[in-house]
Amino acid sequence: MQVLEAHKPFEIQEIELTSWKQRPVKNNFFELVLIKEGEGTQCINYNDYAYGKNSMFLLPPLKCHSFTIEKPTRFVFLKFTDSFFKNANRITIDRNEWFKEASYILSNYNQLPGDIIKNEMDRNYLENLIGMILQESRNYGEESINLVTSLMTSILEILIRNIKKSNYFELPKNQVDDRITKMLTYINTHIDKTELLKVENLAKVFNMSPTYVSEYFKKQVSMSLREYIIKAKLKLVEIRLLNSDFTLTQIADDLGFTDVSHLSKTFKRYTGSSIRDFKIKGEYMLLKRATCIPAVHT
């Protein structure tokens, strides 16, 4: 077994395995996994997907995962964490903007198994970027934090591009209207900008009458526009609660809630759980997520 693990601030690991072993669990947004060599099956929440050389996957938090290894496999795990960018004090980077982009991925990626990259040019870009990060972490360590941060930000942008191009939104199976996918992408991209989510603006952007927007949206998505926006915001609330040190006041302000009380009541109404109980349950799930046992198929 060959292992290269670069410690903070570089959250990256290269490892060759002949059988899957439980890994130490760290709190992170998600991991991008590159299969450099090998064959087998990926499992997320008991759903399986075959992998091979150059496959790329996302391992989201709170979802148990494992790999059934059929041929010795060399993995590269690249962790996207809030702490990496928060601690990069020497870099001019908007942590809040980075956080929003990372959260966009988790909010809109459907978290099923399968290769995340659909564009082969983007796959080549990612392989090269990951290779550069590995080389930098081997040779320069923390001295290369500026360059590594830029590389990780580029990787994030490529992931977002692929998610926007691939229909990861949970739509009815008979959905054929491309406008709704574009509308959902627009809403989720601007979920923290209340003015842009108003019916009048959506009508203007998508060339509809204001009276038709709500009717059209509910017909396509099977829920009202208001309910969808609230639930989309609450997904981001959950991500921030478990993966950052943002205060409830900051979360409420950023996502357009009147105050913490409004946020707490809305969270309880739509999730059935208090914010405190959710955090306790989420922390417990984070401890369990790396112990996924593949389902037995009969």
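Higher on the page you've got the structure.
First, a word on what this report is: a plain description of the structure on this page. Counting restarts for each chain, with residues numbered from 1 along the sequence as it is written. Under the rules for a predicted model, residues below a pLDDT of 70 receive no local features and side-chain atom pairs below 80 are neither given nor counted, while totals for whole chains, interfaces and linings still include all residues. Computation of side-chain values covers all heavy atoms of the structure but excludes hydrogens and water.

Right, let's talk about the pairing of strand β6 (residues 65-80) for a bit. To sort residues, take the accessible area from a 1.4 Å probe on protein chains only and compare it with the maximum for the residue type: under 20% means buried, over 50% means exposed, and anything in between is partly exposed. Think of it this way: any DSSP run of H or I at least four residues long counts as a helix, any run of E at least two long counts as a strand, and we number them from the N terminus. For β6, the tally of buried residues reaches twelve of 16 residues, placing the bulk of the element in the interior. Two strands pair when backbone bridges link them, and strand β2 (residues 12-17) and β6 are joined in this way by six bridges, in the antiparallel orientation. Paired with Ile-15 across the strands is Phe-75, a residue of β6. Here 13 bridges tie strand β3 (residues 30-44) to β6, and the two strands are oriented antiparallel to one another. Strands qualify as paired when DSSP identifies two bridges or more between them.

Moving on, we get to unusual backbone geometry. Positive phi values are uncommon outside glycine, yet Asn-54 reaches one of about 75°. Here Asn-54 lies in the loop between β4 (47-51) and β5 (56-59). Look at Asn-54 and you get partly exposed, because its relative accessible area is 26%. Although it is not a glycine, Asn-207 adopts a positive phi angle of roughly 55°. Along the chain, Asn-207 falls in the loop between α6 (199-205) and α7 (210-221).

With that out of the way, let us pick up the pattern of salt bridges. Side-chain pairs of opposite charge can arise whenever the charged atoms involved come near each other. By definition here, a salt bridge exists when the distance from a side-chain nitrogen of Lys or Arg to a carboxyl oxygen of Asp or Glu is within 4 Å. Within this structure, the stated rule accounts for 15 salt bridges. The salt bridge partner of Asp-192 is Lys-193, with a shortest N-O separation of 3.6 Å. Judged by its relative accessible area of 39%, Lys-193 is partly exposed. Ionic pairing is found between Arg-240 and Asp-254, a salt bridge with its closest N-O pair at 2.9 Å. In this pair, Arg-240 is assigned in helix α8 (residues 225-243) and Asp-254 in helix α9 (residues 248-254), connecting sequence segments 14 residues apart. On the accessibility criterion, Asp-254 (28% relative accessible area) is partly exposed. Through salt bridges that share partners, Glu-14, Glu-16, Lys-36, Arg-74 and Arg-138 make up one connected network.

Looking now at α7. With twelve residues, α7 ought to run about 16 Å at 1.5 Å a step, and its terminal C-alpha atoms sit 17 Å apart, in line with that. Those residues of α7 that sit buried are Val-213, Tyr-216, Phe-217, Gln-220 and Val-221. Taken end-on, α7 shows its buried residues confined to a sector of 100°, consistent with a single buried face. In α7, those exposed residues whose orientation departs by more than 90 degrees from the buried face are Thr-211, Glu-215 and Lys-219. Two residues form a contact once any of their heavy atoms are found within 4.5 Å. Looking at the buried positions of α7, the neighbouring elements they touch are α5 (178-189), α6 and α8. Here the expected length of a helix is defined as 1.5 Å per residue gap, with one fewer gap than residues. Here the arc refers to the directions that run from the helix axis out to each C-beta atom.

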